[in-house]
Amino acid sequence: MDINKIREWAIAAGVRAFKTAAQTAVAMIPVGVGISEVGWVNVLGTAALAALVSILTSIAGIPEVEGGACVFGLCKAEQPDEADEMVE
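So, how was this worked out
- Residues numbered from 1 in each chain as written.
- Predicted model: local features only at pLDDT ≥ 70, side-chain atom pairs only at ≥ 80, totals over all residues.
- Heavy atoms only, no water.
- Core = buried A, V, L, I, M, F, W, Y, C linked by side-chain atoms within 4.5 Å.
- Buried < 20%, exposed > 50% of the residue type's maximum accessible area, 1.4 Å probe, protein only.
- Helix = DSSP H or I, 4+ residues; strand = E, 2+ residues; numbered from the N terminus.
- Contact = heavy atoms within 4.5 Å.
- Expected span 1.5 Å × (residues − 1).
- Salt bridge = Lys/Arg side-chain N within 4 Å of Asp/Glu carboxyl O.

Among the nonpolar cores identified, the biggest contains seven residues, and these are Ala 17, Ala 21, Ala 25, Val 38, Val 43, Ala 47 and Ala 51. For this core, the secondary structure elements donating two or more residues are α1 (3–28) and α2 (40–60). Not counting the four nearest positions on each side in its chain, Val 38 is found in contact with Ile 29, Pro 30, Val 33 and Val 43. Ranked by size, the runner-up nonpolar core spans six residues in total, among them Ala 12, Ala 13, Ile 62 and Val 65.

Have a look at this one:
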């Protein structure tokens, strides 16, 4: 795989993971609570876990990169066409 494609995937996966972490952190902050009363360790821990899960999910494929290709190029592996199998 081309290093530029890996770089493109890493940037797209990183942006997606950052957005996921930010959304999770916002969802974890309770409404009507003072800033000093928020359990920041829990918020940051949950956001970090969400980012990790996002990265792991992106390994299988990410729509922002070349038709949803996965990082290892395994998702778009050449499969024999059914018509080709019938010819044999």
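There's plenty left to go through after this.
Once that is clear, we can look at α1. In this model α1 runs 37 Å from its N-terminal to its C-terminal C-alpha over 26 residues, within 8% of the 38 Å that 1.5 Å per residue would give. Burial in α1 covers these residues: Trp 9, Ala 12, Ala 13, Ala 17, Ala 21, Thr 24 and Ala 25. On the buried face of α1, the contacting elements are α2.

Now for the pattern of salt bridges. Here the structure, examined in full by the defined rule, presents one salt bridge. Arg 16 is the salt-bridge partner of Glu 64, the closest N and O atoms lying 3.0 Å from each other. Of this pair, Glu 64 sits in the loop between α2 and α3 (82–87) while Arg 16 is found in helix α1, placing the two residues 48 residues apart along the sequence. Given a relative accessible area of 30%, Arg 16 falls into the partly exposed group.

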